[in-house]
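Commentary on secondary and tertiary structure
Read off the chains here:
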Amino acid sequence: MTPAPNDVRPFLDDVDRAILSELASDGRLPNNALAERVGVAPSTCLARTRALRESGAIRGFHAEIDPAALGLPLQALVSVRLSAHERPVVDAFRARSVRFPGVVSVFHVAGADDYVLHVRAASADALRDFVLDHLAVDPAVQHTQTSLIFEQARGVG
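One structure accompanies this document, and this report is about it. (Residues numbered from 1 in each chain as written. Predicted model: local features only at pLDDT ≥ 70, side-chain atom pairs only at ≥ 80, totals over all residues. Heavy atoms only, no water.)

Considerations on the overall build of the chain
Selection criterion: To qualify as a helix, a DSSP run of H or I must reach at least 4 residues; to qualify as a strand, a run of E must reach at least 2; elements of each kind are numbered from the N terminus. Here the globule rule reads 2.2 Å times residues to the power 0.38, and the radius of gyration is calculated from C-alpha atoms. Think of it in three bands: residues with accessible area under 20% of the maximum for their type are buried, residues over 50% are exposed, and the middle band is partly exposed, with areas taken using a 1.4 Å probe on protein chains only. Note on contacts: a residue pair is in contact if any heavy atoms of the two residues lie within 4.5 Å. Working definition of accessibility: Shrake-Rupley area with a 1.4 Å probe, residue cover restricted to the visible protein chains.
The helix and strand tally for the chain stands at five helices and four strands. Ordered by position from N to C terminus, the α and β elements of the chain give α-α-α-β-α-β-β-α-β. Taken over the C-alpha trace, the chain has a radius of gyration of 20 Å; the compact-globule value for 157 residues is 15 Å, which it surpasses by more than 25%. By principal-axis analysis of the C-alpha atoms, the chain measures approximately 55 × 40 × 20 Å. The burial tally for the chain puts 25% of its 157 residues in the buried class. The long-range fraction of contacts in the chain, counting pairs at least 24 apart against all pairs at least 6 apart in sequence, stands at 61%. With the model as given, the accessible surface of the chain reaches about 10,400 Å², and the carbon-plus-sulfur share is 54%.

A short note on the sheet that holds strand β1 (residues 74-82)
Put simply, the rule reads: Think of it this way: DSSP has to see at least two bridges between two strands before they count as a pair. An axis is simply a line fitted to the C-alpha atoms; with a helix, the fit covers only the stretch in contact. Between two such axes, the angle follows the N-to-C directions and lies from 0 to 180 degrees.
On the basis of which strands lie adjacent, the open sheet formed by four strands has the order β2-β3-β1-β4 and antiparallel pairing. This sheet does not close on itself; its edge strands, each paired only once, are β2 (103-108) and β4 (141-149). Across the sheet, the mean angle from the axis of one strand to that of its neighbour is 20 degrees, orientation sign disregarded. Pairing analysis gives seven bridges linking β1 to strand β3 (residues 115-121), with the strands arranged antiparallel. Directly across from Ala76, in β3, lies its bridge partner Val119. Against the sheet, helix α4 (residues 87-97) touches β1, β2, β3 and β4, its axis set at about 15 degrees to β3.

Topic: the nonpolar core
The condition that has to hold: To define a nonpolar core, start from buried Ala, Val, Leu, Ile, Met, Phe, Trp, Tyr and Cys residues and group those joined through side-chain atoms within 4.5 Å.
Counting residues in each nonpolar core, the largest one holds 19 residues, and the members touching the most others are Val80, Leu82, Phe93, Leu117, Phe130 and Leu135. When residues of this core are traced back to their parent elements, those giving at least two are β1, α4, β3 and α5 (124-135). Among the elements that line this core, the one with the most residues is β1, at five residues. Once you skip the residues sitting within four places of it in the chain, Leu117 turns out to touch Ala76, Leu77, Val78, Val80, Phe93, Ser97, Phe100, Val103, Ser105, Val106, Phe130 and Leu135. Counting ten residues, the second largest nonpolar core, distinct from the first, contains Ile19, Leu23, Leu29 and Val40.

In structure tokens:
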């Protein structure tokens, strides 16, 4: 598949996609094992992995930690509808929201709401305080809706 003309990412071949797939499943996979799984020499695999990081195809490596181990067992998705949709308002909200305590991810979405925030909290009271202290008082926020996460499973893709 040829990238779109305005797509600045390099073309990824089958080996690059295989490397990305294997690392998505296990980011701690040693280079020798990764090379064997994708069918290339270790030196080739290392060079390709380095190029994928430099191009931004690999954004980083992280540990997936049980939120309860951090004292934040309650998770929620908080949908946010902004009162205005001018770029400065949208950009400013995004910049603020990623710094709110307990925010894991911020998604700019299409539909009735503008953002979905993945939030971790110590308790229902702490989650309520998060919404009241950071969202309800924000003049850019018109409406919020909170959905508790009962269970989370990570996909492979």
